Amino acid sequence: TTTVSRGESVDVSAEVRGIGDDDAVVLRYATDDGQIVGKTIPMKPSGDGLRYVCRLADEADGSELVGLTRNLKYRLEAGDARSLDYSINVSSAPSILVERVDYHYPPYTGYVDRSVDALGDIRAIEGTRITVHARANGVIRVADVDFDADGRPDVRMTAQGPSAVASFELGFREEKDRQTPRHASYVLRFTNDEGRVNRNPVKHSIAVERDLDPEASVLAPKEKQIDARLDETVAIEVEARDPDFALSSVRLHG
């Protein structure tokens, strides 16, 4: 007896001894809703000839196998032997979705912090603190943020019941060129209290906007090198600007 997610199939294997050459080994099942009764699936020998295997799944139109969609009971039959009856319970596949994303911008930007509901894609300026709020369709045992969907748990989420939350900061891979985002996407992976995982998580994009560098130049004197008399005053005129935000200070270093 086992529980599987809706849409999954079940591989069944058994060791069978003492049957004749003409004896068939089959799996016989019936669905709990009564729509299928006494349907058989032939089991094929595998390995040393004692082990027989088959795949238990629903049949769609055209006899195409699809994942299980309803509860059922099955047993194995070989010659005149019968196994015990077993049950397969089909439940909704584990899933977890982004409920809300909070944006906490760097204070110098002057941006007002905001929250976006039901949208997992992220776009913000570098240095923004992102908090992802998610909800699963079951109690969460463990949940992680997987950057770039490479299968590695990068940020452990704090979970309580079916809810989970995690925070991270947006940035670039290289501090010098600041062109390539540290991460271009993410997915949420979780294991429910039954030990089952969400197999096909939704992939969300991450776009990081660059904070443009401030610019400064010397307007006067125009020459890069000048001669001055002792005790002479030299006027230095500079221009500084920030393309997207504001300047906190302008200093001359000598």
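S.K.: Could you give an account of the sheet that holds strand 5 (residues 44–46), with specific residues and numbers?
M.R.: Backbone-to-backbone hydrogen bonds pair the strands of a sheet. The strands run either parallel or antiparallel. Across the sheet, which stays open at both edges, the 3 strands sit in the order 2-6-5 with antiparallel pairing between neighbours. Edge positions in the sheet fall to strand 2 (10–15) and strand 5, since each of these pairs with one other strand and no more. Neighbour to neighbour, the strand axes of the sheet diverge by 35° on average, direction disregarded.

S.K.: Lay out the environment of Asp242 in plain terms, naming residues and giving numbers.
M.R.: With respect to the helices and strands, the residue Asp242 is situated in the segment after strand 23 (237–241). Residue Asp242 is classed as buried on the basis of its relative accessible area, which comes to 16%. Separated by 39 residues in the primary sequence, Asp242 and Lys203 have C-alpha atoms spaced 35 Å apart. Look past the residues within four positions of Asp242 in its chain and what remains in contact with it is Leu212, Asp213, Pro214 and Leu247. Here the side chain of Asp242 touches Phe245 through a polar contact of 2.5 Å, landing on its backbone nitrogen.

S.K.: Go over unusual backbone geometry with me, naming the residues and quoting the values.
M.R.: With omega at 0°, the peptide bond leading from Ala220 into Pro221 counts as cis. Relative to the helices and strands, Pro221 resides in the loop between strand 22 (215–220) and strand 23. Phi at Ala118 takes a positive value of approximately 55°, unusual for a residue other than glycine. With respect to the helices and strands, Ala118 occurs in the loop between strand 13 (114–117) and strand 14 (122–125). Even without being glycine, Asp148 reaches a positive phi, approximately 65°. Its location among the elements puts Asp148 in the loop between strand 16 (140–147) and strand 17 (155–156).

S.K.: Go over the nonpolar core, please, and point to the residues and values.
M.R.: Counting residues in each nonpolar core, the largest one holds 30 residues, and the members touching the most others are Ile122, Tyr186 and Leu188. Of all the elements in the fold, those that place two or more residues in this core are strand 12 (96–104), strand 14, strand 15 (129–136), strand 16, strand 19 (163–169), strand 20 (185–192) and strand 21 (204–209). When near neighbours in sequence (up to four residues on either side) are disregarded, Leu188 contacts Ile96, Val98, Val132, Ala134, Asp144, Val145, Met157, Asn198 and Pro201.

S.K.: Tell me about the environment of Ile125, and please be specific about residues and values.
M.R.: The topology assignment puts Ile125 in strand 14. Leaving out residues up to four positions away in the same chain, Ile125 has contacts with Tyr105, Pro106, Thr109, Leu170, Glu209, Arg210, Asp211 and Phe245.

S.K.: Hey, could you go over the packing of aromatic side chains for me, with residue numbers and the actual values?
M.R.: Enumeration according to the criterion identifies 7 aromatic pairs in this entry. Ring geometry for Tyr103 versus Tyr105: centroids 6.1 Å apart, planes at 20°, classification stacked. Sitting over the face of the ring of Tyr103, Arg114 holds its NZ or CZ atom 4.6 Å from the ring centroid.

S.K.: So what's going on with the environment of Arg70? Which residues, and what values?
M.R.: Positionally, Arg70 belongs in the loop between strand 8 (65–66) and strand 9 (72–78). Along the chain, Arg70 and Asp33 lie 37 residues apart, while their C-alpha atoms are 7.9 Å from each other. Within polar-contact distance, the side chain of Arg70 engages the side chain of Asp33 at 3.4 Å. Among the polar contacts listed, one links the side chain of Arg70 to the side chain of Gln35, at a separation of 2.8 Å.

S.K.: Go over the pattern of salt bridges with me, naming the residues and quoting the values.
M.R.: Side chains that carry opposite charge are capable of pairing whenever their charged atoms lie near each other. Using the criterion set out here, one finds 19 salt bridges in the structure. For Glu194, the salt bridge is made with Arg196, and the minimal N-O distance between the two is 2.9 Å. A residue is classified by how much of its surface remains accessible, and Glu194, at 51% relative accessible area, is exposed. For Arg196, a relative accessible area of 14% gives the class buried. Beyond isolated ion pairs, a larger network of salt bridges with shared partners links Arg28, Arg75, Glu77 and Arg82.

Cut-off values and rules
- Residues numbered from 1 in each chain as written.
- Predicted model: local features only at pLDDT ≥ 70, side-chain atom pairs only at ≥ 80, totals over all residues.
- Heavy atoms only, no water.
- Pairing = 2+ DSSP bridges.
- Helix = DSSP H or I, 4+ residues; strand = E, 2+ residues; numbered from the N terminus.
- Axes fitted to C-alpha atoms, helices over the stretch in contact; angles between N-to-C directions.
- Buried < 20%, exposed > 50% of the residue type's maximum accessible area, 1.4 Å probe, protein only.
- Contact = heavy atoms within 4.5 Å.
- Polar contact = N/O pair within 3.5 Å; in protein donor to acceptor, adjacent residues only side chain to side chain.
- Core = buried A, V, L, I, M, F, W, Y, C linked by side-chain atoms within 4.5 Å.
- Phe/Tyr/Trp six-rings, centres within 6.5 Å; stacked < 30°, edge-to-face > 60°.
- Lys NZ or Arg CZ within 6 Å of the ring centre and 35° of its normal.
- Salt bridge = Lys/Arg side-chain N within 4 Å of Asp/Glu carboxyl O.

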